[in-house]
Amino acid sequence: MIVGIDLGTTNSLIAVWEGVAPRLIPNGLGEVLTPSCVSLDKDDTVIVGRAARDRLQTHPERTAAVFKRHMGSDRMIRLGKRDFRAEELSALILRSLKEDAEAALGHPVTEAIITVPAYFSDAQRKATRAAGQLAGLRVERLLNEPTAAALTYGIHLRDQESKFLVFDLGGGTFDVSVLDLFEGVMEVRASAGDNFLGGEDFLDCLIEQFFEQNKLPARLKKDAKFMQRLTAQCEIAKRRLSDSPQASIRLSHDKAEYAMDLDEPALERYCAPLLARLRDPVEQALRDANLAAAELDSIVLAGGATRMPVVRRMVARMFGRTPASDINPDEVVALGAAVQAGLKMKDAALDEIMMTDVSPYSLGIEVSKQLADGSYSRGHFDSIIERNSAIPVSRVKCYFPLGEQQSYIDLAIFQGEARMANDNISLGVLRIPLPGGPQHQRGVDVRFTYDINGLLQVEATILKTQETHALLIEGNAGVLSDTDIAARFEQLSDLKIHPRDRLEYRTLLARGERLYQELRGREREWLGQQVLLFERLLDSQDMRLIQKNRSAFEEMLNEVERQDFLNPATESIQ
Ligand code: AMP
């Protein structure tokens, strides 16, 4: 059985193909969205999901979120006394989802299809695959998120012909894909996007506004607890604006009260630069697909941030019509990953469906160009695989060294669209030894092969000797080697994971601790007592008593959260 996983910046989901349709699998709390947050408890036990998200506020130094943004980099994220790479934290999320699926299906889960933003680079994709390996999963395929969303949509429309655009604005990334569905073949015609644009940027924008309007000193940004509380309040307000006209943020700090009132027009004003950035990728994808907006049959929304009315209005303005939103934008990607799992398992119900995808960016190397006066200009980007080529794709180009004395060629590999190599993303450098002899015999054929997972392989053949080097891209600190992965797998195996059957209680406790921090005075004192009692009860491990008191404790927390004195936007984050 292969599972489909949407490993999101904010939330992650797991789904399976069940004969006729994909199905989402709930976590230990009965919820299908597992917040992509990891925390270490006081005894270094790993807590994943909702409880970890509450601990962002109460224990920011032991908790991490939004680490998908650091995939493919060598940045370390400190939790307590341990340092983690983003792929290790992602692996802990995957491990938790895997356990949820195993509990629901009643058998081990070892294979998965994991979705990635279409715009994820080679290093980010490799990091995602490594995260799967670290979680004990064989990654059958990395699937582009908008392609996954399109698969879910395409299954609904399987008997129709349709051209549609998937507009996928998640927590951290923005992807656009244009698709063509005909006779069961779903063809991605073009993809474009922005790896650093998502709902989290709208959140940052609100945080900045709060600082500005309340004239808060910049040094407060270093106060992790204050920032976590402000972030949580801004997130609630941002979501509240998705279904009511107004929201406000109130926060006390050092005996002072700070506030900001928000409505839709204000949000639109503050976030105008972000909204403007949505336009370019849409235009580029349409241009590359050779389609006009009017030729599209529909616009499909994916990603939680498309719930924002300012975003929907922007989409409606761009296309002159309302986007389709009949499939839940939070779930559409995970469901599509499960459809792909069904395809991979050759499920009979999906017999007539075929899917083709593209490379969303150009891939090439740095070259020098000869000018009319015979001089050379260095540092240019020369693409070998052009963006939006159907994948898998393999292309070859021949390159010659500049000088006769040169005993090797350094192939500097880049991805991107910029004219100058250094303005693109570096994927690594490869050194190829050159034979002696006349210049025209010293050429090297460079073959780029880009597979369906979006992973690149480079092969260089020296013309004179026909010697071929199958080359691995190295020298990229963001990519773990197989040996590193094996070592880190061992280290992660040492970590204790919070037992699944107790997760519900641990989550309640984390919520109690968060609410305690938000209260003041007598209410705080009182809640502190209740939390302490519940904590003692959990320590006693007396399951009968824990069960008996659980509902009362939860109801009390609900009651506290409903009180307006906590915050004016009283809903909790879903
Ligand atoms: P995803 O990565 O698809 O899970 O998207 C998560 C992003 O969607 C986060 O930035 C959330 O803040 C945002 N989001 C989720 N629900 C809402 C909502 N109701 N209103 C506004 N933004 C939302």
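Above this text is the structure in question.
Residues numbered from 1 in each chain as written. Predicted model: local features only at pLDDT ≥ 70, side-chain atom pairs only at ≥ 80, totals over all residues. Heavy atoms only, no water.

*Asks:* Lay out the site of the ligand with the relevant residues and their values.
*Replies:* Surrounding the ligand, one finds 15 residues, the nearest of these being G171, E235, K238, S242 and G304. Separating an oxygen atom of the ligand from a backbone N or O atom of G171 is a distance of 2.9 Å. E235 has a polar side-chain atom sitting 2.5 Å from an oxygen atom of the ligand. Taken by itself the ligand offers 510 Å² of open surface, and the protein chains cover 90% of this. Going through the elements one at a time, α5 (199–213) and α6 (224–240) are the ones with two or more residues in the shell around the ligand. For the shell around the ligand, the leading source of residues is α6, giving 3 residues. For the shell around the ligand, the residue count by class is 2 nonpolar, 8 polar and 5 charged. Residue contributions to the shell around the ligand reach at least three from each of two domains, namely domain 1 (2–197 + 278–358) and domain 2 (199–273). (Near = heavy atom within 4 Å. Polar contact = N/O pair within 3.5 Å; in protein donor to acceptor, adjacent residues only side chain to side chain. Areas by Shrake-Rupley, 256 points an atom, 1.4 Å probe, with all protein chains shown as cover. Helix = DSSP H or I, 4+ residues; strand = E, 2+ residues; numbered from the N terminus. Nonpolar A, V, L, I, M, F, W, Y, C, P; charged D, E, K, R; others polar. Domains from an automatic or database assignment.)

*Asks:* Lay out the pairing of strand β20 (residues 376–385) with the relevant residues and their values.
*Replies:* The element β20 is largely enclosed, with a buried count of 7 among its 10 residues. As judged from the 7 bridges shared by strand β19 (residues 363–370) and β20, these two strands associate in the antiparallel manner. Among the inter-strand pairings, I365 is bridged to a residue of β20, identified as D382. Taken together, β19 and the strand that follows it, β20, pair antiparallel across an intervening segment of 5 residues, in which G374 is found at a positive phi of about 90°. (Buried < 20%, exposed > 50% of the residue type's maximum accessible area, 1.4 Å probe, protein only. Pairing = 2+ DSSP bridges.)

*Asks:* Tell me what's going on with the sheet that holds strand β7 (residues 63–64), and back it up with residues and numbers.
*Replies:* With antiparallel pairing, 3 strands are arranged side by side in an open sheet as β6-β5-β7. Where the open sheet ends on each side, the last strands, each with one partner, are β6 (46–48) and β7. The pairing of strand β5 (residues 38–40) with β7 spans 2 bridges and is antiparallel. When the sheet's bridge partners are listed, V38 is paired in β7 with A64. Across the sheet, helix α1 (residues 50–58) is in contact with β5, β6 and β7; its angle to β6 comes to roughly 100°. (Contact = heavy atoms within 4.5 Å. Axes fitted to C-alpha atoms, helices over the stretch in contact; angles between N-to-C directions.)

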